[in-house]
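Report on the structure
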Amino acid sequence: MIGLLFTFVSDMKEHILVIGANGQIGGELVEELRKIHGSSYVIATDIKDAGAELKSGGPFRQLDVLDHASVFELIKENKVREVYLLAALLSATAESKIRSAWKLNMEGLFGLLEMARQENFKLFWPSSIAVFGPGTPRQNTPQHTITEPSTVYGISKLAGERWCEYYHKMFGTDVRSIRYPGLIGYKTEPGGGTTDYAVSIFHNAIRNKQYECYLSAGTALPMMYMPDAIRATLELMNADSSKLSIRSSYNIDGMSFTPEQIAGEIKLLMPDFRISYKPDIRQQYADSWPQSIDGSVARNDWGWTPRYDIKSMCKEMFQGVQQLITSH
Ligand code: AKB
């Protein structure tokens, strides 16, 4: 039935499926995958209806990841060979909806791992720096260290990592994962995360020349600009399977900064920008996470190297958000 929706693209070439395509990573990933593989071969899905751009750019299907039967039907009928499972509740939202966060983050992954085992497709699933906890060394946090998360989101990501490794070891499932740091981009808005301030700060600076930050001035967190995050994802998915020593989830290093430091960079671009601080509950989550990440295992296994630092990211973000706001 669902396959009928895609009959216009259902020739012999296999498809790529992105679940959670409306989200911060999903939007940019679909755009990039469509450039690489051709728009008709990348099927975007999300529980919510998509905007005009995503829908006109290629096949889109409104679909709940927890409806495993429909997802499986879509995968089989379209000869899907690669799935990016991005549907999840992030740290701040997960704390206010603990049961539904667990259900979505866990059952979504579990369903797709089972389907990957049966249909033999390659699966990408995002983990997070939230798998670390208050007992983890916070500077240059190693790949293998204490992982005792204190947030629901972190607990679900850690459990997910263990399941990914289990499916790979027991059934040979080709599942690959990255522990994303805070992600910064202007094309799609983030939602429900603790690190989202690093995106909101640009929108508020350009609209109002001021920003009230919900984290304290000196809260350092690992961060990454979206083009680096998308490139990391695709590089990992294209890496030679025999080179991958980690089947739970890879640490990757990007940049690390505090709200005070990013505000300083924005002030260089907008001298009358002002920041104030009013920490809320998200301060606790941030305080339990690393301040910087050691990505050396990813560097050795599949050649990971970040390209953006705080300066180059801020310059592009500022211009990107400015264009976005003036064009609306
Ligand atoms: C969040 O803040 O919840 C996410 C994350 C660190 O995974 N950006």
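In the block above lies the structure referred to throughout.
Definitions and limits used
Residues numbered from 1 in each chain as written. Predicted model: local features only at pLDDT ≥ 70, side-chain atom pairs only at ≥ 80, totals over all residues. Heavy atoms only, no water. 1 Å grid on protein atoms, 1.4 Å probe; cavity = no way out; pocket = protein on both sides within 12 Å on 5 of 7 lines; lining within 4 Å. Points joined across faces, edges and corners; volume = space filled by probe spheres on them. Helix = DSSP H or I, 4+ residues; strand = E, 2+ residues; numbered from the N terminus. Nonpolar A, V, L, I, M, F, W, Y, C, P; charged D, E, K, R; others polar. Domains from an automatic or database assignment. Core = buried A, V, L, I, M, F, W, Y, C linked by side-chain atoms within 4.5 Å. Buried < 20%, exposed > 50% of the residue type's maximum accessible area, 1.4 Å probe, protein only. Pairing = 2+ DSSP bridges. Right-handed = clockwise from strand over helix to strand, strands pointing away. Patch = residues over 30% accessible without salt bridge, like charges linked within 9 Å, V, L, I, M, F, W, Y side chains within 5 Å. Areas by Shrake-Rupley, 256 points an atom, 1.4 Å probe, with all protein chains shown as cover. Salt bridge = Lys/Arg side-chain N within 4 Å of Asp/Glu carboxyl O. Near = heavy atom within 4 Å. Polar contact = N/O pair within 3.5 Å; in protein donor to acceptor, adjacent residues only side chain to side chain. Sits in = over half its atoms within 2 Å of the grid points.

Focus on the layout of surface pockets
Roughly 1,000 Å³ of volume is contained in the largest pocket. Every element with two or more residues in the lining of the largest pocket is listed here: helix 1 (24-37), helix 4 (91-96), helix 5 (98-119), strand 5 (122-128), helix 6 (152-171) and strand 7 (182-184). The residue inventory of the lining of the largest pocket, partitioned by class, reads 20 nonpolar, 15 polar and 8 charged. Both of domain 1 (2-182 + 225-251) and domain 2 (183-223 + 255-291 + 308-327) provide at least three residues apiece to the lining of the largest pocket. If you add up the space inside the second largest pocket, you get close to 390 Å³. Lining the second largest pocket are 16 residues, with Gly27, Glu53, Leu54, Lys187 and Thr188 sitting closest to its centre. Breaking the lining of the second largest pocket down by element, the ones donating at least two residues are helix 1 and helix 2 (52-56). A per-element tally of the lining of the second largest pocket places helix 1 first, with 5 residues. Broken down by class, the residue content of the lining of the second largest pocket amounts to 5 nonpolar, 5 polar and 6 charged.

Focus on the nonpolar core
Among the nonpolar cores identified, the biggest contains 69 residues, and Leu112, Tyr197, Phe202, Phe257, Ile262 and Met313 are the most heavily contacted of them. A domain split of this core shows at least three residues from each of domain 1 (2-182 + 225-251) and domain 2 (183-223 + 255-291 + 308-327). By size, the runner-up hydrophobic cluster in this structure holds 34 residues, among which are Ile25, Leu234, Ala239 and Trp302.

Describing empty space enclosed by the protein
For the coordinates displayed, the defined rule picks out 1 cavity of 30 Å³ or more. The volume enclosed by the largest cavity comes to roughly 40 Å³. The wall of the largest cavity is formed by Leu85, Ala87, Ala88, Leu104, Asn105, Gly108, Leu109, Trp125 and Lys157. Broken down by element, the residue count for the lining of the largest cavity peaks at 4 residues, all from helix 5.

Digging into the pairing of strand 9 (residues 221-225)
When a strand is regular, its side chains alternate between the sheet's two faces. Most of strand 9 sits out of view: 5 of its 5 residues are buried. A two-sided burial pattern is seen for strand 9, the buried positions comprising Leu221, Met223 and Tyr225 on one face and Pro222 and Met224 on the other. Relative to strand 9, strand 7 is paired through 3 bridges, and the arrangement is parallel. Note that in strand 9 the partner of Gly182 across the bridge is Met223. Relative to strand 11 (residues 255-257), strand 9 runs antiparallel, the two being bridged by 3 bridges. Considered in strand 11, the bridge of Pro222 is made with Ser256.

Brief notes about the pairing of strand 6 (residues 175-180)
Taking burial as the measure, the 6 residues of strand 6 include 6 buried ones, the bulk of the element. Side chains Val175, Ser177 and Arg179 of strand 6 all project onto a buried face; the interleaved residues Arg176, Ile178 and Tyr180 project onto the opposite face, where all are buried too. Where strand 5 lies against strand 6, 6 bridges are found, and the strand directions are parallel. Residue pairing across strands places Trp125 opposite Ser177, the latter belonging to strand 6. The parallel pair strand 5 and strand 6, bridged by helix 6, forms a crossover whose chirality is right-handed.

With respect to a nonpolar patch on the surface
On the surface, Phe110, Trp163, Tyr166, Met170 and Phe171 cluster together into a nonpolar patch covering about 480 Å² of accessible area. Top contributing element to the nonpolar patch by residue count: helix 6, with 4 residues. With respect to the helices, strands and loops of the structure, Phe171 is situated in helix 6.

Re the site of the ligand
With respect to spatial proximity, the complete set of residues near the ligand consists of Leu90, Ser91, Ser128, Ile129, Tyr153, Gly193, Thr194, Thr195 and Trp289. A distance of 2.5 Å separates an oxygen atom of the ligand from a polar atom in the side chain of Ser91. Thr195 has a polar side-chain atom sitting 2.8 Å from a nitrogen atom of the ligand. Within the complex, 94% of the 260 Å² of free accessible area of the ligand lies under protein. Given that more than half its atoms are within 2 Å of the pocket grid, the ligand belongs to the largest pocket. Across the shell around the ligand, the residue classes break down as 4 nonpolar, 5 polar and no charged. Taken domain by domain, the shell around the ligand gets at least three of its residues from each of domain 1 (2-182 + 225-251) and domain 2 (183-223 + 255-291 + 308-327).

So, to be careful, I would describe these as geometric facts and stop short of saying anything about function.
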